[in-house]
Amino acid sequence: NAVVRYSVWDRAASDFKLKFVNAKEVKKLEKIADKVEALDEETSKLSDDELRAKTDEFKGRLAEGETMDELLPEAFAVCREAAVRSLGMKHFHVQIIGGIVLHQGRIAEMKTGEGKTLMATLPIYLNALTGKSTILVTANEYLAMRDAKQMGPVFHYLGMTVGVGVSENPAKRLKVVQKQRIYQSDIVYTTHSALGFDYLEENLATSKSKKFLPKFYFCLVDEVDAALLDSAQMPLIISGSPRVQSNLFVTCDEFVK
C-alpha cells in the first residue's frame, strides 16, 4: 500500500526510483554478460567436434554438483558460437542480458525485431543440459513451427533433439505415440493452447501407456503478457476439440468388478 500511495502522490519521484532500481539490476546483469563475451575468442578457436563435446562436458559437471548459474557464462558462450556456425547469427550484448533474465525466471521486454527468437536459445540450451523437461511456449502454431525450424540447427549442432508439439495440419490431431516421442526430445516448441489440451488429455489417460508428458521443469513463455493475462481471461474452448471421454467409467467398472 505504501508503494501505491507513493506512486500516486509523487509520480515523478516514483519513476526515478524505479529507473534507479532497474539500473542497479542491469549493472549486475552486465557483469555476467561481460563474462560470456570474454569467452568469445577462446570458444571460437574450438573445432566443431570440440564445441559439440561441450554439451556432454556441461552435463557431467552439472551431475557432479556444479550449479547452472556457475555454468551459465560458458554455456551461453558455446550456444552463441554454435549460432554463428549453424545460422551465421551472433547474439548481441543485449540479447545475452535478456537470456540471463529469462533463465532467472523473470520477464524480459523486447520489441518486435530485436531478436527474441535467437535470444531464447541461450536459456533454453542451458536448462536443457539438465536432461529435464525444457519447453518453449509461443503464441500460435505457425510461430512454434517456424521458431523450431529456424533455431533447431543451433541445438542439433550441439547434439540436442528438438520436438514440435503442434501438428502441421490443424485438423489432424497428434497421436499419443507421436506426443510421447515429441516430449522425449531435449527441447520442445509448442503453444499454450496445445500444452493446455495435452495436460487435459494426460490427466484423462486410462493407462500409463497413454501418458506422454514428462515432469515439468523449465518453461519459457513467449508473449507472456498475452498468454498469462489476455488469453487467461477466457477458459480453453474445448467444445470444438475432439471429445475426450471421462475415465470415470473405467474407475466404476473396476470398482464393480
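Here, every reference points to the structure presented above.
The structure contained in this document is the topic of the report that follows. (Residues numbered from 1 in each chain as written. Predicted model: local features only at pLDDT ≥ 70, side-chain atom pairs only at ≥ 80, totals over all residues. Heavy atoms only, no water.)

1. Some thoughts on a negative patch on the surface
For clarity, the threshold we go by: A patch is a set of surface residues, each over 30% in relative accessible area and not in a salt bridge, joined within 9 Å for like charges and within 5 Å for the nonpolar side chains Val, Leu, Ile, Met, Phe, Trp and Tyr. Computed with the Shrake-Rupley method and a 1.4 Å probe, the accessible areas treat only the protein chains shown as cover for residues. By definition here, a salt bridge exists when the distance from a side-chain nitrogen of Lys or Arg to a carboxyl oxygen of Asp or Glu is within 4 Å. By the counting scheme adopted, Arg and Lys are positive, Glu and Asp are negative, and His together with the chain ends is not counted. A charged residue contributes its charge at one atom only: NZ of Lys, CZ of Arg, CG of Asp or CD of Glu. To sort residues, take the accessible area from a 1.4 Å probe on protein chains only and compare it with the maximum for the residue type: under 20% means buried, over 50% means exposed, and anything in between is partly exposed.
A contiguous patch of negative charge, built from Glu 109, Glu 114, Asp 225 and Asp 230, is present on the exposed surface. Relative accessible area serves as the criterion here: at 47%, Asp 230 is assigned to the partly exposed category.

2. Quick notes on the packing of aromatic side chains
Note the cut-off: Aromatic pairing here means that ring centres of Phe, Tyr or Trp (its six-membered ring) are within 6.5 Å. Orientation follows from the plane angle: under 30 degrees is stacked, over 60 is edge-to-face, and everything else is tilted. Note on conventions: DSSP H or I runs of at least 4 residues are helices, E runs of at least 2 residues are strands, and numbering of each starts at the N terminus.
Applying the stated criterion to the full structure yields one aromatic pair. Here the aromatic rings of Tyr 183 and Phe 212 are separated by 5.9 Å at their centres, their planes lie at 25 degrees, and the arrangement is stacked. With Tyr 183 in helix α10 (residues 176-183) and Phe 212 in the loop between α11 (192-203) and β4 (218-221), this pair connects stretches of sequence that are 29 residues apart. Residue Tyr 183 shares its accessibility class with Phe 212, and that shared class is buried.

3. A few points about unusual backbone geometry
Positioned with a positive phi, Glu 223 is a non-glycine residue whose angle comes to about 50 degrees. The exposure class assigned to Glu 223 is partly exposed, which follows from its relative accessible area of 34%.

4. Digging into the nonpolar core
As a reminder, the rule being used: What makes a nonpolar core is a set of buried Ala, Val, Leu, Ile, Met, Phe, Trp, Tyr and Cys residues whose side-chain atoms join them at distances within 4.5 Å.
Core analysis: the largest hydrophobic core is formed by 44 residues, its most contacted members being Phe 76, Tyr 125, Leu 129 and Phe 155. A per-element tally of this core places helix α5 (residues 68-87) first, with ten residues.

Purely geometric stuff here, so don't read any function into it on its own.
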